[in-house]
Amino acid sequence: MKTYELFIGPQHVGITGNFSVILELEGNVVKKATPNPGFLHRGFEKLMEMRGFIHNVPIVCRICVPDPDPNEANYAMAVEKLLGIEPPPRAKYIRTIVLEFSRIASHLFTFGGHAGSIGLYTIPNWTISDRDFILDLFEMLTGGRVYHIFIYPGGVRRDLPDGFIEKAKDVLNYLEKRLDDYNKLYFDSYMFKKRARGIGIINKEDAIEWGVTGPNLRASGVKADTRKDDPYAAYGELDFEIPVLTGGDAYDRIMIRRMEVVESIKIIRQALDNIPDGPIREKVPNPMRFIVPPGDAYVKVESSKGEYGYYMVSNGKDKPYRVYIRGASMTHGIHILEKLLPGNYLADVSQIMFSLDVCPPEIDR
Amino acid sequence: MVEGVVELIKGNFSDVEIVIPEHQEKRVHISVEKEKVKEIAKFLKDNGFRHLSFITCVDWIDEGKFELVYGLYSYEEKIVVLIKTKIDRDNPKQETLLPLWDQAQTYEREIHEMFGVYFDGNPGLTPFILEDWEGIPPMRKDFDSRKYSQITYDSEAK
C-alpha cells in the first residue's frame, strides 16, 4: 500500500500550544511520526544569562503556560540553594497552595483536551469554566490570572489576603462536587473506556528506560513522586497519597490525573488549615546588587507534567551564568511520541498526545 | 544514602572528583575525564541509576572549555548524581550515550544545535528547534543575541 505524509500542526488538535508532527501514514494507520518542535522558541535560557537574578522572576513563568508556578518555584529554589537560605515556613505553605492549585488547573485543561479529542465536547466547556474559579483565586492572591510572578527567591510576594482561605475552601468544595459530574459524563462513560483503553501502552520497564516521569510514569506502575522522594515547599509535613495504576495506557494516564486532583484537594485543605503564622520572606540581597556566590545546583519539583528541573550555574556575579530548564515534555513530546504513535489510527493520535500531557513551550523554551 | 553512593563510586573508580554540594540534599556531583563518562554512566545505570534526567552544556569561554553535565536519578536511592566533564571548546567532541539510553538522542540533538558539540556515534544530529540557522550556535557565550536582533529586526539600526 502507498504511504503518504500528513502534517499536523502547528495549531494542534492534540496539544495545548504550537507544535507540529509529521506523520507517515498508510491508509489511516500511522507508520512513522516525526515531532517537529520550535514554534515557541523564545530563547529563555539565553535571556536569563543577560538579566539580573531578580529580573528573571517575571519571565520564568512564561516557560510553561498551562502550569506556570513550578517554574517560579524551581527558579526561586535554585537561587535559594546557591545563596544558602531557606524560605520561612509560612512562605512554604503558601507556595504549596499555589503549586497545587496550579496542578489542578493544568489537569482540568488536560481533561478538557482529552475529552474533546474523543468527541465528548461538553467536558472542555465544563473544565475550562471550572478552571476559571481557580484563576479567580490566583487573581485575588497574586493579581495575575494566568501568570502570577508570585514565588520569588526568599519567599513569596504577598501574604494571603483577607477572606482567601474561605474562598479557597469554597472552590475546593465546588471542584469536589464537580468531579462527580465529570464522572457521569466522562470518566465512567462507555465511550471514554472504549476509546482510551489499550491505546498507547507504555510498560513499566520501558517507562523507566525512556525517561517517562510524573503522572505518566505512575500510570505505568512506578511509585515515584518528587513531592515525596525529594520534598520541597511544605510537602514533607503534609499527609497525602501517591496514586499508582498499572495499565500504562491512555485510559490510566487520564484516570491517574483524576486521582491526583483528589489528592491535591486534600493537600490544599491541610495546608489551609495548618498554615503557620510568621513572616513570608527571608532577607535577600538588594535587588540592584543581587550577587549569588559561585556554585551550581540542580533543583526539581513535581509539575503536573512530570519531573521539572532547573540546573543553575552562578559564577559569583549579579546574573546567572547558565540556567538549564529540564521540562518533562522534552522527553514526552519528542522521544515517547516517536515510539508510541506508529501502529495507531490517525483518529487516536490527538488523544495519545493529550494523555501524555505535552506542553510545547517547555520543549522549545 | 548519599554516603553509600559516594562509597560505591570511590570503590570502583579512582580518578574521580566527588563533591557533595552544600545546602543541597540528595545530590552528588562528580567530575571525570571525558573518556570515562560512558563507563561511569554504565556503571551507575547498572547500580540503580536508570533514569537519565537530562544532559546539558555550560560554555566556560574564559577557560576555552565546554562542560557537559549528565543528570542521573535512582528510583531506589532517590538521589540525583550529576556527572560533569570538560571538553575542548575548539574541537568539541564527545562520545554519545545512545547505546545506554535511547532518549539521550533528544538532549544530544539539542546540545549539538545550541552549542555545536559533536557527539561521536550519534547518527541523528539533525536541526531541532532552530530553522535555517547558519550563524554560530546561539547558546555559546560569544553569540550576542542583542546585536543579532538589532541587525536582523531593527530597520533603523541597519
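To start, this report covers the structure provided alongside it. For clarity, every value in this text was computed on a predicted model and none was experimentally measured.

So, the overall build of chain A
And then number 1: In terms of regular secondary structure, chain A is built from 14 helices and 8 strands.
And then number 2: The C-alpha atoms of chain A give a radius of gyration of 20 Å, which matches the 21 Å a tight globule of 365 residues would have.
And then number 3: Each principal axis of the C-alpha atoms in chain A carries an extent, and together these give about 65 × 45 × 35 Å.
And then number 4: Taken across its 365 residues, chain A has 62% of its residues classed as buried.

Considerations on the overall build of chain B
And then number 1: On a plain count of helices and strands, chain B comes out with 4 helices and 7 strands.
And then number 2: Ordered by position from the N terminus, the helices and strands of chain B form the series α-β-β-α-β-β-β-β-α-β-α.
And then number 3: The 158 residues of chain B split such that 53% are buried.
And then number 4: Of the contacts made within chain B by residues no fewer than 6 positions apart, 52% connect residues no fewer than 24 positions apart.
And then number 5: Surface summary for chain B: the accessible area is close to 7900 Å², and the carbon and sulfur share equals 46%.
And then number 6: Computed over 21 positive and 31 negative side-chain charges, the separation of the two mean positions in chain B equals 2 Å.

Quick look at unusual backbone geometry
Residue and element names in this part refer to chain A.
And then number 1: Of note in the backbone geometry, Ala233 takes a positive phi value of approximately 40 degrees without being a glycine.
And then number 2: Relative to the elements of secondary structure, Ala233 occurs in the loop between helix H10 (226-229) and helix H11 (250-274).
And then number 3: Ala233 sits in the partly exposed class, given a relative accessible area of 21%.
And then number 4: Notably, Asp357 is not glycine yet its phi reads approximately 60 degrees, a positive angle.

Regarding the packing of aromatic side chains
And then number 1: A complete count under the given rule lists 22 aromatic pairs over all chains for this structure.
And then number 2: On the basis of an interplanar angle of 65 degrees and a centroid distance of 5.0 Å, the ring pair of Tyr232(A) and Tyr235(A) is categorised as edge-to-face.
And then number 3: We classify Tyr232(A) as buried; its relative accessible area is 6%.
And then number 4: A residue is classified by how much of its surface remains accessible, and Tyr235(A), at 2% relative accessible area, is buried.
And then number 5: With a centroid separation of 6.0 Å and an interplanar angle of 65 degrees, the aromatic rings of Tyr235(A) and Phe240(A) are classed as edge-to-face.
And then number 6: Three or more aromatic residues joined by ring pairs make a cluster, and in this case those are Phe111(A), Tyr186(A), Phe187(A), Phe192(A) and Tyr251(A).
And then number 7: Lying across the ring of Trp126(A), Arg178(A) places its NZ or CZ 4.5 Å from the centre.
And then number 8: Looking at Lys141(B), its charged tip hangs above the ring of Tyr321(A), at a distance of 3.9 Å from the centre.

Quick look at the sheet that holds strand S3 (residues 29-36) of chain A
All names here are of chain A.
And then number 1: One open sheet accounts for 3 strands, arranged S1-S2-S3; its pairing is antiparallel. Strands at the two margins of the open sheet, each flanked by one partner only, are strand S1 (3-8) and S3. Between one strand axis and the next, the sheet turns by 20 degrees as a mean value, whatever way the strands run.
And then number 2: Of the strand pairs in this sheet, strand S2 (residues 20-26) and S3 are connected by 7 bridges, and their pairing is antiparallel. Bridging across to S3, Glu26 finds its partner in Val29.
And then number 3: Sitting on the sheet, helix H13 (residues 346-356) touches S1, S2 and S3, and the angle it makes with S2 is about 150 degrees.

Overview of the nonpolar core
Nonpolar side chains tend toward joint burial in soluble globular proteins.
And then number 1: The biggest cluster of nonpolar side chains holds 162 residues, and the ones touching the most others in it are Phe192(A), Tyr310(A), Leu341(A) and Ile83(B).
And then number 2: Counting residues per element, this core draws most heavily on helix H4 (residues 89-117) of chain A, at 12 residues.
And then number 3: Those residues in contact with Leu341(A) that sit more than four places away from it in its chain are Val21(A), Leu23(A), Val30(A), Ala33(A), Val349(A), Ile352(A) and Met353(A).

Remarks on the packing of helix H5 (residues 122-142) of chain A against helix H6 (residues 164-187) of chain A
Residue and element names in this part refer to chain A.
And then number 1: The N-to-C vectors of H5 and H6 enclose an angle of 170 degrees; their axes lie 11 Å apart at closest approach. Considering their axes alone, H5 and H6 lie roughly antiparallel with respect to each other. On the side of H5, the interface is formed by Thr122, Ile123, Trp126, Thr127, Asp130, Phe133, Ile134, Asp136, Leu137, Met140 and Leu141, while H6 contributes Phe164, Lys167, Ala168, Val171, Tyr174, Leu175, Arg178, Asp181, Tyr182, Leu185 and Tyr186.
And then number 2: Split into classes, the residues belonging to the contact of H5 with H6 amount to 15 nonpolar, 2 polar and 5 charged.

Brief notes about the side chain of Asp229(A)
And then number 1: Position of Asp229(A) relative to the elements: it lies in helix H10.
And then number 2: Under the relative-accessibility criterion, Asp229(A) is labelled buried at 8%.
And then number 3: Residue contacts for Asp229(A): discarding those within four places in its chain leaves Ala224(A), Lys26(B), Tyr73(B) and Lys78(B).

Digging into the packing of H4(A) against H13(A)
All names here are of chain A.
And then number 1: Contact pair H4 / H13: the axes reach a minimum separation of 9 Å and the direction vectors enclose 165 degrees. Considered as vectors, H4 and H13 are oriented roughly antiparallel to each other. In this structure, the crossing between H4 and H13 has a hand that is left-handed. Of H13, the residues touching H4 (which contributes Thr110, Gly113, His114 and Ser117) are Ser350, Gln351, Phe354 and Ser355.

A short note on the pattern of salt bridges
Residue and element names in this part refer to chain A.
And then number 1: Scanning the model with the defined rule gives 40 salt bridges over all chains in all.
And then number 2: For Glu45, the salt bridge is made with Arg365, and the minimal N-O distance between the two is 2.8 Å. In this pair, Glu45 sits in helix H1 (residues 44-49) while Arg365 sits in the segment after helix H14 (360-364), placing the two residues 320 residues apart along the sequence. The burial state of Glu45 is the same as that of Arg365; both residues are buried.
And then number 3: Linking Arg178 and Asp181 is a salt bridge whose minimum nitrogen-to-oxygen distance equals 3.3 Å. Of this pair, Arg178 and Asp181 both sit in helix H6, 3 residues apart, which is roughly one turn of that helix.

What about the interface of chain B and chain A?
And then number 1: Facing 44 residues of chain B, the contacting portion of chain A comprises 40 residues.
And then number 2: Across the chain B/chain A interface, buried area totals approximately 3900 Å², and carbon plus sulfur atoms make up 52% of it.
And then number 3: Scanning the region where chain B abuts chain A turns up 9 salt bridges.
And then number 4: Across the pair Glu49(A) and Lys141(B) runs a salt bridge, and its minimum N-O distance is 3.3 Å.
And then number 5: Taken together, chain B and chain A are joined by 22 residue pairs in polar contact (both at pLDDT 80 or more).
And then number 6: Mapped by element, the contributors of at least two residues to the side of chain B that touches chain A are strand S2 (27-31), strand S3 (51-60), strand S4 (65-73), strand S5 (80-88), helix H3 (104-115) and helix H4 (145-153) of chain B.
And then number 7: With 10 residues, the top contributor of residues to the side of chain B that touches chain A is S3(B).
And then number 8: Split into classes, the residues belonging to the side of chain B that touches chain A amount to 23 nonpolar, 9 polar and 12 charged.

Rules used in this analysis
Residue numbers run consecutively from 1 along every chain, following the written order of its sequence. By the order in which they are written, chains take letters starting at A while ligands take numbers starting at 1. This being a predicted model, a pLDDT of at least 70 is required before a residue's local features are given, and a value of 80 or more before pairs of side-chain atoms are given or counted; all residues contribute to the totals for chains, interfaces and linings. With hydrogens and water set aside, each side-chain value is computed from the structure's full complement of heavy atoms. A helix here means a DSSP run of H or I that spans at least four residues, while a strand means a run of E at least two residues long, and both kinds are numbered starting from the N terminus. It is over C-alpha atoms that the radius of gyration is taken, and the globule rule equals 2.2 Å times the number of residues to the power 0.38. A simple rule labels every residue: compare its accessible area, found with a 1.4 Å probe on the protein chains alone, to the largest value its type can have, and call it buried under 20%, exposed over 50%, or partly exposed in between. Working rule for contacts: check all heavy atoms of both residues, and any pair within 4.5 Å makes them a contact. Here, Shrake-Rupley sampling with a 1.4 Å probe gives the accessible areas, and only protein chains in the shown set may cover a residue. Under this rule, positive means Lys or Arg and negative means Asp or Glu; His and the chain ends count for nothing. For this purpose, a charge sits on NZ of Lys, CZ of Arg, CG of Asp or CD of Glu. Pairing of aromatic side chains requires ring centres within 6.5 Å, counting the rings of Phe and Tyr and the six-membered ring of Trp. Pairs whose planes differ by under 30 degrees are stacked, by over 60 edge-to-face, and all others tilted. For a Lys NZ or an Arg CZ to count as sitting over a ring, it must be within 6 Å of the ring centre and within 35 degrees of the ring normal. By this definition, two strands are paired if DSSP reports at least two bridges between them. Here the axes come from fitting lines to C-alpha atoms, over the contacting stretch only for helices, and the angles between their N-to-C directions go from 0 to 180 degrees. For the purposes of this section, nonpolar cores are sets of buried Ala, Val, Leu, Ile, Met, Phe, Trp, Tyr and Cys residues that join through side-chain atoms within 4.5 Å. The scheme is simple: roughly parallel for angles under 35 degrees, roughly antiparallel for over 145, roughly perpendicular for 65 to 115, oblique for anything else. Gly is put with the polar residues, along with every residue not named as nonpolar or charged; the nonpolar set is Ala, Val, Leu, Ile, Met, Phe, Trp, Tyr, Cys and Pro, and the charged set is Asp, Glu, Lys and Arg. Crossing handedness is read from the near helix: turned anticlockwise from the far helix by less than a right angle, it gives a left-handed crossing, and turned clockwise, a right-handed one. Salt bridges are counted wherever a side-chain nitrogen of Lys or Arg sits within 4 Å of a carboxyl oxygen of Asp or Glu. The term buried area refers to how much accessible surface (probe radius 1.4 Å) is lost by two components on association, counted for both of them together. Polar contact criterion, stated in full: a pair of N or O atoms within 3.5 Å, where within protein one must be able to donate a hydrogen and the other to accept it, and residues adjacent in sequence count only if both atoms are side-chain atoms.

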